[in-house]
Amino acid sequence: MLRPNGSVFMPSVLTLIGIPGLESVQCWIGIPLCVMYLMAVLGNTLILVIIKFENSLHSPMHIFLAMLGATDIALSTCILPKMLGIFWFHLIEISFEACLLQMWLLHSFQGIESGVLLAMALDRYVAICNPLRHASIFSQKLLTHIGVGVTLRAAILGAPCLVLIKYRLKFYRTTVVSHSYCEHMAIVKLAIEDIRINKIYGLFVAFTILGFDIIFITLSYIQIFFTVFQLPQKEARFKAFNTCIAHICVFLQFYLLGFFSFFTHRFGSHIPPYVHILLSNLYLLVPPFLNPIVYGVKTKQIRDHVPTIFVCSKHLNH
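Residues numbered from 1 in each chain as written. Predicted model: local features only at pLDDT ≥ 70, side-chain atom pairs only at ≥ 80, totals over all residues. Heavy atoms only, no water.

- Where an unreviewed UniProt entry is consulted, the protein chain appears under the name Olfactory receptor, with the organism given as Muntiacus reevesi.
- Under the Sequence similarities (unreviewed entry) heading, UniProt states for the protein chain: "Belongs to the G-protein coupled receptor 1 family." (UniProt positions renumbered as here; feature names shortened; annotations may be inferred.)

## A word on the overall build of the protein chain
- Within the protein chain, the secondary structure is distributed over 11 helices and 5 strands.
- For the protein chain, whose C-alpha radius of gyration is 22 Å, the value lies close to the compact-globule estimate of 20 Å for 318 residues.
- Oriented by its inertia axes, the alpha-carbon framework of the protein chain measures out at about 75 × 50 × 35 Å.
- The buried share of the protein chain, reckoned over its 318 residues, is 47%.
- At a minimum sequence separation of 6, the contacts of the protein chain that also span at least 24 residues come to 80%.
- Across the protein chain, the centroid of the 22 positively charged side chains sits 5 Å from that of the 13 negatively charged ones. (Helix = DSSP H or I, 4+ residues; strand = E, 2+ residues; numbered from the N terminus. Rg over C-alpha atoms; globule rule 2.2 N^0.38 Å. Buried < 20%, exposed > 50% of the residue type's maximum accessible area, 1.4 Å probe, protein only. Contact = heavy atoms within 4.5 Å. Lys, Arg positive; Asp, Glu negative; His and termini not counted. Charge placed at Lys NZ, Arg CZ, Asp CG, Glu CD.)

## What about the sheet that holds strand β5 (residues 176-177)?
- The sheet built from 3 strands is open, its strands ordered β3-β2-β5 with mixed pairing. At either margin of the open sheet sits one strand with a lone partner, and together these are β3 (93-95) and β5.
- With 3 bridges joining them, strand β2 (residues 13-16) and β3 adopt antiparallel strand pairing. Residue pairing across strands places V13 opposite S95, the latter belonging to β3.
- Packing against the sheet, helix α4 (residues 96-129) makes contact with β2 and β3, and its axis sits at approximately 85° to β3. (Pairing = 2+ DSSP bridges. Axes fitted to C-alpha atoms, helices over the stretch in contact; angles between N-to-C directions.)

## Things to note about the UniProt feature "transmembrane region" (unreviewed entry) in the protein chain
- Residues annotated by UniProt as "transmembrane region" (unreviewed entry) correspond here to residues 28-51, 63-89, 101-122, 142-165, 200-228, 240-262 and 274-295.
- Summarising residues 63-89: 93% helix, 0% strand, and an end-to-end C-alpha distance of 39 Å.
- Here residues 240-262 runs as 100% helix and 0% strand, with 33 Å between its end C-alpha atoms.

## Concerning the side chain of N281
- With respect to the element layout, N281 can be found in helix α10 (residues 273-298).
- You can call N281 buried: its relative accessible area is 1%.
- Those residues in contact with N281, other than ones at most four positions away along the chain, are I19, M83, F87, S180 and Y181.

## Things to note about the state of the cysteines
- Going through the model one piece at a time under the given rule, you end up with 1 disulfide.
- Left unpaired, C34 is separated from the closest cysteine sulfur, that of C27, by 13 Å.
- Its sulfur unpaired, C161 is 13 Å from the next cysteine sulfur, which belongs to C99. (Disulfide = S-S within 2.5 Å.)

## A word on the environment of M103
- Mapped onto the fold, M103 is located in helix α4.
- Along the sequence, M103 and G158 sit 55 residues apart, while their C-alpha atoms lie 9.1 Å from each other.
- Aside from chain neighbours lying at most four places away, what touches M103 is C161, L162, I165, C182, E183, H184 and I187.

## Observations concerning the pairing of β2
- Two elements, β2 and β5, share 2 bridges in a ladder whose sense is parallel. Bridge pairing links T15 to V176 in β5.

## Focus on the pattern of salt bridges
- Taken as a whole, this structure holds 4 salt bridges when the rule is applied.
- One salt bridge in this structure joins E97 and K166, with 2.7 Å as the shortest N-O distance. Of this pair, E97 sits in helix α4 while K166 is found in helix α6 (residues 140-168), placing the two residues 69 residues apart along the sequence.
- Of the residues examined, E97 reaches a relative accessible area of 44% and is grouped as partly exposed.
- Salt-bridge contacts for D123 lead to R124; the nearest nitrogen and oxygen are separated by 3.0 Å.
- By relative accessible area, D123 is classed as buried at 1%. (Salt bridge = Lys/Arg side-chain N within 4 Å of Asp/Glu carboxyl O.)

## Here's the deal with the environment of V148
- Within the fold, V148 resides in helix α6.
- The class for V148 is partly exposed, based on a relative accessible area of 44%.
- Between the C-alpha atoms of V148 and F53, which are 95 residues apart in sequence, the distance is 23 Å.

## Examining empty space enclosed by the protein
- Inspection of every chain in the model, using the stated rule, returns 1 cavity of 30 Å³ or more.
- Considered as a void within the structure, the largest cavity measures approximately 410 Å³ in volume.
- Every residue lining the largest cavity is counted, 25 residues in all, and those nearest its centre are H107, Q110, A206, L210 and F262.
- Only α4, α6, α8 (196-229), α9 (234-267) and α10 provide two or more residues apiece to the lining of the largest cavity.
- With 6 residues, the top contributor of residues to the lining of the largest cavity is α4.
- In terms of residue class, the lining of the largest cavity is made up of 12 nonpolar, 11 polar and 2 charged. (1 Å grid on protein atoms, 1.4 Å probe; cavity = no way out; pocket = protein on both sides within 12 Å on 5 of 7 lines; lining within 4 Å. Points joined across faces, edges and corners; volume = space filled by probe spheres on them. Nonpolar A, V, L, I, M, F, W, Y, C, P; charged D, E, K, R; others polar.)

In structure tokens form, the structure reads like this:
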């Protein structure tokens, strides 16, 4: 119901406008985003299939890569179909509960991806700095615990954001969200009430997950570099460093894009809204799109098995 001051009390429906200022060209922007999404789903599915059916790829590094691929598919799928509905078919309305669900899933998958990247860095750290104990440390039991742990950490830490919005914020100045998907701060900023607690908790979750992971990934790679450069043979140094290149590329693109998007939304009032929204969209689509390419090119075992998958599928068709 509408209040006298023009605010809306607990809206049942929100409106996602897409990319503010670029509404007239959104239909064209949707084409490359759709191509990136399809390539991301295809590439990550291919990696999952290869790892599942090739027993030689059931090592911790490849299992973590499969976790990353599954998370990438889920992350891009929870936002892109709705985004394309806005861009192409003007399906701009979303129920308040569905918007909160999308927000929670989105931030949960981001947290899971960060946790998997940390696990991959620790795997490389043990493999290079303590290779004799790698098999005993990264047992099947530990891999299961890591998978469950990073999932629960992201899901549980993200849940209070839902509660703080649903039960704390009652009045909204508008139901129009200036975004192409339901992002935490984009929803919170609609409220006319004091949103400091929501902002503080959002920052707490970001630094608890992303900050913690970045610190330990960085420390792992500092130790890895010290160990690698102490190896006596140049060929051994190159081989050890080569196993880390793909992960470093994925790590940099995920966190650099993520932190730029995060801080511009909170502190970049001078940045045009369409720049921020475009960067936010790219942040969620570029890593899932590039990860299979990076790992496919840099990981010889996966690269060698790609033709096998297509040969097998051809035989099955015949």
